[in-house]
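# Fold and contact review
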Amino acid sequence: MQHLLNLLLALSLLSTAYAATADEWRKRSIYQVITDRYALPQGADLTACDPAKQTFCGGTWSTIKDNLDYIQDAGFTAIWISPVSQNYEGPRTPYGDPYHGYWIADATQLNSRFGTADDLKALSDELHRRGMFLMVDVVVNNVMALDTNPDLSTFMFKDQSQYHSYCPIQWGNTTSEQNCWLGDTNVTLPDVNTQDPTVVSAYEQWIKALVQQFNIDGLRIDAAKHVNMDFWPKFCGAAGVYCIGEVFDADAGQALQWQGQQSLDAILNYPMYNALVQAFTIPGPQNMSAVSDMIQQIKQKSSDPTLLGNFLEDQDVPRWASLSVDPQSLWNPMIFNFMSDGIPIVYYGQEQGFNGNADPMNREPLWPSHYSNSTTYQLITKLNQLRNFLVNGTDDWVTSQIQVLSQTNEGIAFMKGDVVTVLTNIGSPPQNVTMSAHTSWSSGSSTTDILTCSQYAVGSNGSIEVAYAKGGVPVILVPDDKLDNSGLCGHAVAAATQQGSQSTFNNDNGASGGRVPVFVAGVLAVAAALWTGAL
């Protein structure tokens, strides 16, 4: 008996591992932060951060932890943070300092600029206490140096054979893109030889330990297409969590080959991002058919469209407000990302209308916004409330795939589950334009636009019609009988529910509490077996 008690005591001191699956991630919405730019410690100078200077501004894992209410109150159920590994430490480079976290030195060490191991663990613990997930950005493809013959002693891999020889990339040549070096001769990015068995083994051990030590729920993979594809199943298998990769390519066929059992769980949806830019930006080509065409391409070429990462902004593309001047041209495509297939991702500051055009100006500090309850923040909050309700309150909304009902030069209407979304690219000024579509709803049934709480009656043959006499406002229609317990438009909020012997409470943010960590379940099983033996 004493042996059993000693074992249980030892097990209780170990970290729990949540091992979040792809299926769990598809139910989440993600808020992306650059760790250095999200929040400052109390008493810091709030006016000192100039993104043009490309240097550190003072954000840390602790300051993220201390300011999670802003993210959770908007309904997000996960955050994605900058890489946590040690970065280049040395004189300022021609491109500034590694405030962004992507200039890796030794991947096995933490970035002391962002805090300690205890700080990162505290952030993870606080997220899980709130029912939220933690996604960490990881850089595997390369390290960072200032020339083509760097001192390897500061890196995780210290043998020359563990790197590809220097060569500039020949774009369009897959071998060159995977084996040659990103960067330039001012800041080189020595390419790690991920075909080398010693590298593969070391990376697997590192990522497994990192995920377990800090209870990481998912990984965003930087520069995924610059690594040989057969590396990823082994790496992500060792991690044991959802992996989504950056595949910077507008071509659906080229990009989506990186999703599936042969590679990664999912990719960031750059093909759809480019289609949304073509369709909604003002000024812009206003090519709405780009979106409907891309929907069909993704259906054909994606192993699972509901796992893809939907976004309008990130650290590598211009802020939407720098591309498009009309607020409706942001809100319409943003709603597409929440109500279509895939996981919605919002880059910090998008909700505040930031307009930095490109690196480094699209990496602004968030604190000058005073974390205000802006119109876009309020819209995102409502979208998260609806999506979280649909995820938790229906059997199949999140896994059902969207069907395009109609598309014109000015708009698109689509259906996912029992929800119809109607979007337009005309912008804010009123126009004598209507958008109509035929749905599967019964004639005369009543629906509600959850954005305005206005009633829409369904016409003959399930027809609906949206007029833009007051401007290009998006519409999300939900049958009234499907809104019970949603808390939207006057409907009551669901109370706590009892499932078997385990009580589960659905939080306002849609995250379900009461999930038993994988590690804990294993401990209980071992304890039960030993207890039986002891008896």
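Below is a short write-up of the structure. Because the structure is a prediction, the values reported are computed rather than measured.

### Things to note about helix H12 (residues 289–301)
- Across its 13 residues, H12 extends 18 Å between first and last C-alpha, which sits within 8% of the 18 Å expected from 1.5 Å per residue.
- Those residues of H12 that sit buried are Ala290, Val291, Ser292, Met294, Ile295 and Ile298.
- Looking at the buried residues of H12, the elements they touch are helix H10 (252–256), helix H11 (270–280), helix H14 (328–339), strand E11 (403–407) and strand E12 (411–416).

### A few points about the sheet that holds strand E16 (residues 454–457)
- The strand order across the open sheet built from 6 strands is E11-E12-E13-E18-E15-E16, with neighbouring strands paired in antiparallel fashion. Strands at the two margins of the open sheet, each flanked by one partner only, are E11 and E16. Put simply, the sheet's adjacent strands are angled 25° from each other on average, direction ignored.
- The pairing of strand E13 (residues 419–424) with strand E18 (residues 475–479) spans 3 bridges and is antiparallel.

### Regarding the nonpolar core
- Counting 130 residues, the largest nonpolar core has Ile81, Leu219, Phe235 and Val291 as the members making the most contacts within it.
- With residues near it in sequence (within four places) discarded, Val291 still touches Met272, Ala275, Leu276, Ala279, Phe280, Phe336 and Ile412.

### A few points about the sheet that holds strand E6 (residues 218–221)
- Read from one edge to the other, the open sheet built from 8 strands follows the order E8-E7-E6-E3-E2-E1-E10-E9, with strand pairing classed as parallel. Two strands lie at the open edges of the sheet, namely strand E8 (266–267) and strand E9 (309–310), each paired on one side alone.

### Topic: H11
- Here H11 lies mainly inside the structure; 9 of its 11 residues are buried.
- Of the surrounding elements, those touching the buried residues of H11 are H10, H12, helix H13 (320–323), H14 and E13.
- For H11, the N-terminal cap is Asn269; the gap from its side-chain oxygen to the backbone nitrogen of Met272 is 3.1 Å.

### Some words on empty space enclosed by the protein
- Applying the stated criterion to the full structure yields 5 cavities of 30 Å³ or more.
- Considering only enclosed or pocket space, the largest cavity measures out at about 110 Å³ in volume.
- Surrounding the largest cavity, Asn269, Met272, Ile295, Ile298, Lys299, Pro305, Leu308, Asn310, Phe336, Ser340, Asp341 and Ile402 form its lining.
- Among the elements that take part in the lining of the largest cavity, H12 stands out by supplying 3 residues, more than any other.
- Within this model, the second largest cavity holds a volume of roughly 50 Å³.
- Lining the second largest cavity, in full, are Tyr31, Tyr70, Ile71, Ala74, Phe76, Val346, Glu351, Tyr377 and Ile380.
- At the level of secondary structure, the elements contributing two or more residues to the lining of the second largest cavity comprise helix H5 (69–73) and helix H15 (375–393).
- Classifying every residue of the lining of the second largest cavity by side-chain character gives 8 nonpolar, no polar and 1 charged.

### Description of the state of the cysteines
- Inspection of every chain in the model, using the stated rule, returns 4 disulfides.
- Paired by a disulfide, Cys167 and Cys180 hold their sulfur atoms 1.9 Å apart. Across the disulfide from Cys167 to Cys180, rotation about the S-S bond amounts to roughly -100°, and the bridge is consequently left-handed. Of the two residues, Cys167 sits in the loop between strand E3 (133–138) and helix H7 (174–179) while Cys180 sits in the loop between H7 and strand E4 (182–183), which places them 13 residues apart along the sequence.
- Classification of Cys167 as partly exposed rests on a relative accessible area of 23%.
- Here Cys236 engages in a disulfide with Cys243; their sulfurs sit 2.4 Å apart.

### Points about the environment of Lys65
- Positionally, Lys65 belongs in helix H4 (residues 61–65).
- Considering only alpha carbons, one finds Lys65 and Leu123, 58 residues apart in sequence, at a separation of 5.1 Å.

### Looking at the layout of surface pockets
- Considered as a void within the structure, the largest pocket measures approximately 840 Å³ in volume.
- Elements supplying a minimum of two residues to the lining of the largest pocket: E4 and strand E5 (188–189).
- By residue class, the composition of the lining of the largest pocket is 19 nonpolar, 9 polar and 7 charged.

### Here we look at the packing of aromatic side chains
- For the structure shown, the criterion picks out 25 aromatic pairs.
- Ring geometry for Tyr270 versus Tyr273: centroids 6.4 Å apart, planes at 80°, classification edge-to-face. With Tyr270 and Tyr273 both in helix H11 and 3 residues apart, this pair spans about one turn of that helix. This pair shows no difference in class: Tyr270 is buried, exactly as Tyr273 is.

### Side note on the side chain of Ser374
- In this fold, Ser374 is placed in the loop between strand E10 (343–347) and H15.
- Here the side chain of Ser374 touches Glu351 through a polar contact of 2.5 Å, landing on its backbone oxygen.
- At a separation of 3.1 Å, a polar atom in the side chain of Ser374 contacts the main-chain amide nitrogen of Tyr377.
- Ignoring any residue separated from it by four or fewer positions in sequence, one finds Ser374 in contact with Glu351 and Gln352.

Conventions used here
Residues numbered from 1 in each chain as written. Predicted model: local features only at pLDDT ≥ 70, side-chain atom pairs only at ≥ 80, totals over all residues. Heavy atoms only, no water. Helix = DSSP H or I, 4+ residues; strand = E, 2+ residues; numbered from the N terminus. Expected span 1.5 Å × (residues − 1). Buried < 20%, exposed > 50% of the residue type's maximum accessible area, 1.4 Å probe, protein only. Contact = heavy atoms within 4.5 Å. Pairing = 2+ DSSP bridges. Axes fitted to C-alpha atoms, helices over the stretch in contact; angles between N-to-C directions. Core = buried A, V, L, I, M, F, W, Y, C linked by side-chain atoms within 4.5 Å. Polar contact = N/O pair within 3.5 Å; in protein donor to acceptor, adjacent residues only side chain to side chain. 1 Å grid on protein atoms, 1.4 Å probe; cavity = no way out; pocket = protein on both sides within 12 Å on 5 of 7 lines; lining within 4 Å. Points joined across faces, edges and corners; volume = space filled by probe spheres on them. Nonpolar A, V, L, I, M, F, W, Y, C, P; charged D, E, K, R; others polar. Disulfide = S-S within 2.5 Å. Phe/Tyr/Trp six-rings, centres within 6.5 Å; stacked < 30°, edge-to-face > 60°.

Interpretation note: all reported values are geometric properties and have no functional meaning in isolation.
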